[in-house]
Amino acid sequence: MLYPNPASKSAQLFERAQHVLTDGGSRSTIRIAPYSIYAKSAQGKYVTDLDGNRLMDFNNNYSSMIHGHAHPRVVAAAIEQVQRGSGYAFGSEAELRLAELLCGRCDNFDKIRFMNSGSEAVMKAIKAARAHTSRPKIAKVENAYHGCYDYAEVSLGVEPTDLSKGDPVSKAYCHGTPQGVLDDVVVIPFNEPKIARRILDEHARELAAVLIDPIGLGMARFRPTDEFLAMLEDFCADSGALFIADEVVSFRAGPAGVQGDRGLKPHLTTLGKIIGGGFPVGAVAGSADVMAVFEAGDGKAKVPHGGTYNANPVTMAAGLVAMQMMTDDEFARLNRLGAAFRKGCAEVFRLTDTDGAVQGQYSVFTMTFAEPALSDTAARGHVYRSRGIHQYMVQNGYWMTPGMVGICSTAMDEADVAPFCETLMRGITALREKASHAA
Ligand SMILES: Cc1ncc(COP(=O)(O)O)c(C=O)c1O
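Computed from a predicted model, the values in this text were never measured in an experiment.

### A word on the overall build of the protein
- If you tally the helices and strands in the protein, you get 14 helices and 14 strands.
- Viewed in the frame of its principal axes, the protein has a C-alpha envelope of about 70 × 60 × 45 Å.
- Evaluated residue by residue, the protein yields a buried proportion of 54% over its 439 residues.
- For the protein, the share of sequence-separated contacts (at least 6 apart) that also reach a separation of at least 24 residues comes to 69%.
- For the protein, the computed accessible surface area is about 19,100 Å², with 53% contributed by carbon and sulfur atoms.
- Taken together, the 44 basic and 49 acidic charged side chains of the protein have centroids lying 3 Å from each other.

Structure, rendered in structure tokens:
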């Protein structure tokens, strides 16, 4: 694929979009320089742009398309539901069946409540924790991404704190964030159990919850240690703060997510992405006593929760089929595939003596490049952009996140590993040659 190409349909649409869409779009995470690519269609493991270029999709809409694109069974379930109505102010059986499936798979879910995005789920879980504990504050890990709720995005994209100089402080992500928000978020350093415990203890009586993504930082790039996770659970048990596991991404780790795999016992879990079969979704699940804050009975719930599109039947029908297809064996196969990609990429790094790291967990593999020839944008505060190599992979048929995260779908198999790795290897060589000619 020729990219960038000013004559391409994507370049032309992007130019037109500047007049009516901020920054040419609605989603900062799909924006790449010099212009965003526009899709015509997507099927299985491939996405095709408006000019007919076909890319193997390792982004999978930031991990939500666990079966790849337009899986016939998911499409059939969605169409069948659309034909019977796409939204009404009634309950749907699909909602109940998806709830039963998810609560049946995870011991920590007595009850669940659906909404429309992972961000909304995090917001609702924080509100539930405040309502349940009557405490104002939450704690979160520095640079951990949890979506766009004010409290959840404190200290995102910051320079990691030099702990020899002091503790992390709450920093605004958006201009205009009220001081009150910053005051109510306690920021702890990742994988530093002793320092984090001391900080948490200082706020113990005010903390409603500790929010943690159990797959770690940077989309599975950095894994939380057992010691760190145990410390967080111990702190919550000692202080009465709730443990919230944000499994919006990490629920793809297995039938009960990372919590099932690592034996965690969160009071509340936030979900999204894969459970909607590719349609907009979020959910909060947890123990019956905490989830009771959403229950109105005959009066008013502690946390009232309406929402025009909550548990919309199309998402529920598609999500149900998508989750039914994710059997224990299929989760295991997908995780083996992730491991195969990590192994292949690590071998490429070794053979090419690349300065960087291959990381990731479960069905996710990530690459970090320290060489300027391969990545012209340095990692900043755990926000990764590897423009050089990302662009090479696009030009040669692969679509990953701009930070070189690869997310496997069930449409892929081990036969996809070698061609990917060969392209990666050619890319590293080509970019180095280009850099040495330019020097
Ligand atoms: C851990 C985590 N939490 C929450 C979110 C927000 O989800 P959504 O984009 O559906 O709002 C994301 C999105 O990537 C995420 O990675």
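### Observations regarding the layout of surface pockets
- Empty space within the second largest pocket amounts to approximately 360 Å³.
- Forming the walls of the second largest pocket are 21 residues, and the residues nearest its centre are Phe90, Glu95, Asn310, Ala311 and Asn312.
- Looking at which element gives the most residues to the lining of the second largest pocket, the answer is strand S4 (residues 111–115), with three residues.

### Digging into the packing of helix H7 (residues 193–202) against helix H8 (residues 226–239)
- Taken N-terminus to C-terminus, the directions of H7 and H8 make an angle of 20 degrees; their axes are 10 Å apart at the nearest point. The angle between H7 and H8 places the two elements in the roughly parallel class. Both H7 and H8 take part in a crossing whose hand is right-handed. Two secondary-structure elements touch here, H7 through Pro193, Ala196, Arg197, Leu200 and Asp201 and H8 through Glu227, Phe228, Met231, Leu232, Asp234, Phe235 and Asp238.
- Grouping the constituent residues of the contact of H7 with H8 by class yields seven nonpolar, no polar and five charged.

### A few points about the domain arrangement of the protein
- Each assigned domain of the protein is listed with its residue range as follows: domain 1 (9–66 + 327–438) and domain 2 (72–325).
- The C-alpha centroid of domain 2 is placed 26 Å from the C-alpha centroid of domain 1.
- If you look at the interface, domain 1 gives 29 residues, while domain 2 gives 27 residues.
- Summing both partners gives a buried area of about 2,600 Å² for domain 1 against domain 2, and 55% of it is carried by carbon and sulfur.
- Applying the counting criterion to the domain 1 and domain 2 interface returns zero salt bridges.
- Broken down by secondary-structure element, the contributors of at least two residues to the side of domain 1 that touches domain 2 are helix H2 (60–63), helix H12 (328–352), strand S12 (364–369) and strand S14 (405–407).
- Element by element, the count of residues in the side of domain 1 that touches domain 2 is highest for H12, at five residues.
- Taken together, the residues of the side of domain 1 that touches domain 2 sort by class into 13 nonpolar, 13 polar and three charged.

### Section: unusual backbone geometry
- Following tyrosine 3, the chain continues into proline 4 via a peptide bond in cis, with omega recorded as -5 degrees.
- Looking at the element boundaries, proline 4 is found in the segment before helix H1 (9–17).
- The omega angle of the peptide bond from alanine 33 to proline 34 is 0 degrees, so this bond is cis rather than trans.
- In this structure, alanine 70 is a non-glycine residue whose phi angle is positive, near 50 degrees.
- Within the fold, alanine 70 resides in the loop between H2 and helix H3 (72–83).
- Even without being glycine, tyrosine 362 reaches a positive phi, approximately 55 degrees.
- Examined against the element boundaries, tyrosine 362 turns out to sit in the loop between strand S11 (356–359) and S12.
- Here tyrosine 362 falls in the buried class, since its relative accessible area comes to 10%.

### Concerning the site of the ligand
- In the neighbourhood of the ligand, the contacting residues comprise Ser117, Gly118, Ser119, Tyr145, His146, Gly147, Asp213, Asp246, Val248, Val249 and Lys273.
- One of the side-chain nitrogen or oxygen atoms of aspartate 246 is found 2.6 Å away from a nitrogen atom of the ligand.
- Side-chain polar atom of lysine 273 to an oxygen atom of the ligand: 2.9 Å apart, as the coordinates give it.
- Against a free-state accessible area of 390 Å², the protein chains account for coverage of 82% of the ligand.
- Its residues placed into classes, the shell around the ligand shows three nonpolar, five polar and three charged.

### Details of H8
- In a regular helix each residue adds 1.5 Å, so 14 residues correspond to 20 Å; H8 covers 20 Å between its end C-alpha atoms and thus fits that length.
- Those residues of H8 lying buried are Phe228, Leu229, Met231, Leu232, Phe235, Cys236 and Ser239. End-on, the buried residues of H8 take up no more than an arc of 160 degrees, which puts them together on one face. Away from its buried face by more than 90 degrees, H8 exposes Asp226, Glu227, Ala237 and Asp238.
- Looking at the buried positions of H8, the neighbouring elements they touch are strand S5 (137–141), strand S6 (185–188), H7, strand S7 (207–212), strand S8 (242–246) and helix H9 (257–262).
- Looking one or two residues past H8, glycine 240 carries a phi angle of roughly 85 degrees, positive in sign.

### Some details on the sheet that holds S5
- Strand order in the open sheet formed by seven strands is S4-S10-S9-S8-S7-S5-S6, with mixed pairing between adjacent strands. What marks the edges here is a single partner per strand, and that holds for S4 and S6. Sheet twist, expressed as the mean angle between neighbouring strand axes with direction ignored, is 20 degrees.
- Those strands touched by H7 are S5, S6 and S7, and its axis lies near 165 degrees from that of S6.

### A closer look at the packing of aromatic side chains
- One pass over the full model with this rule turns up 13 aromatic pairs.
- Centre to centre, the rings of phenylalanine 341 and phenylalanine 365 are 4.8 Å apart; their planes meet at 5 degrees, and the pair counts as stacked. Residue phenylalanine 341 is found in helix H12, and its partner phenylalanine 365 is found in strand S12; the two are separated by 24 residues along the sequence. Phenylalanine 365 matches phenylalanine 341 in its accessibility class, with the two residues each being buried.
- Centroid distance tyrosine 398 to phenylalanine 420: 5.0 Å. Interplanar angle 80 degrees. Geometry classified as edge-to-face. Of this pair, tyrosine 398 sits in strand S13 (residues 398–399) while phenylalanine 420 sits in helix H14 (residues 417–438); the two residues are 22 residues apart in sequence, bridging distant segments of the chain. Taken as a pair, tyrosine 398 and phenylalanine 420 share a single burial class, namely buried.
- Through a chain of ring-to-ring contacts, the aromatic side chains of Phe58, Phe341, Phe365, Tyr398 and Phe420 assemble into a single cluster.
- Positioned above the aromatic ring of tyrosine 46 is the side chain of arginine 54, whose terminal nitrogen or guanidinium carbon lies 3.6 Å from the ring centre.
- Seen from the ring of tyrosine 151, arginine 130 lies directly overhead, with NZ or CZ sitting 4.5 Å from the centre.

What counts and how
- Numbers given for residues are sequential positions, taken from 1 along each chain in its written order.
- Given that this is a predicted model, residues contribute local features only at a pLDDT of at least 70 and side-chain atom pairs are listed and counted only at 80 or more, while totals for whole chains, interfaces and linings are drawn from all residues.
- Hydrogen atoms and water are omitted, and side-chain values are computed over all heavy atoms in the structure.
- Runs of E in the DSSP output that reach at least two residues are strands. Runs of H or I that reach at least four are helices, and both are numbered from the N terminus.
- We call a residue buried when its accessible area falls under 20% of the maximum for its residue type, exposed when it is over 50%, and partly exposed in between, using a 1.4 Å probe and counting protein chains only.
- Contacts were defined at the residue level, with two residues in contact if any of their heavy atoms lie within 4.5 Å.
- Only the protein chains shown count as cover for residues, with accessible areas throughout obtained via the Shrake-Rupley method and a probe of 1.4 Å.
- Residues scored as positive are Lys and Arg, those scored as negative are Asp and Glu, and His as well as the terminal groups of each chain are ignored.
- Here the site of a charge means NZ on Lys, CZ on Arg, CG on Asp, or CD on Glu.
- Every definition here rests on a 1 Å grid over the protein atoms only: cavities are sets of points where a 1.4 Å probe fits but cannot get out, pockets are open sets enclosed by protein on both sides within 12 Å along at least five of seven lines, and lining residues have some atom within 4 Å of a point.
- Grid points are joined across faces, edges and corners, and a volume is the space filled by probe spheres set on the points.
- Axis definition: a line fitted to C-alpha atoms, over the contacting stretch in the case of helices. Angles run 0 to 180 degrees between N-to-C directions.
- Angle categories are assigned with fixed cut-offs, so that under 35 degrees is roughly parallel, over 145 is roughly antiparallel, 65 to 115 is roughly perpendicular, and the rest are oblique.
- Here is the rule for handedness: rotate from the far helix to the near one, and if that takes an anticlockwise turn smaller than a right angle the crossing is left-handed, while a clockwise turn gives right-handed.
- Ten residue types, Ala, Val, Leu, Ile, Met, Phe, Trp, Tyr, Cys and Pro, are classed as nonpolar, four, Asp, Glu, Lys and Arg, as charged, and the remainder, Gly among them, as polar.
- Residue ranges for the domains trace back to a domain assignment, done automatically or taken from a database.
- Buried area: the sum, over both parts, of the accessible surface (1.4 Å probe) that disappears when the two are put together.
- Think of a salt bridge as a Lys or Arg side-chain nitrogen and an Asp or Glu carboxyl oxygen that are within 4 Å of each other.
- The rule for a residue being near a molecule or strand is that one of its heavy atoms must lie within 4 Å of it.
- Definition of a polar contact: a pair of N or O atoms within 3.5 Å, with one able to donate and the other able to accept a hydrogen when the atoms are protein atoms, and with sequence-neighbouring residues admitted only if both atoms are side-chain atoms.
- One fewer than the residue count of a helix, multiplied by 1.5 Å, yields its expected span.
- Regarding the arc, it is the one traced by the directions from the helix axis to the C-beta atoms.
- Strands are labelled as partners when DSSP assigns at least two bridges between them.
- Ring pairs are drawn from Phe, Tyr and Trp, using the six-membered ring of Trp, whenever the two centres fall within 6.5 Å, and their geometry is named by plane angle: stacked under 30 degrees, edge-to-face over 60, tilted for the rest.
- A ring has a charge above it when a Lys NZ or an Arg CZ is no more than 6 Å from the ring centre and no more than 35 degrees off the ring normal.

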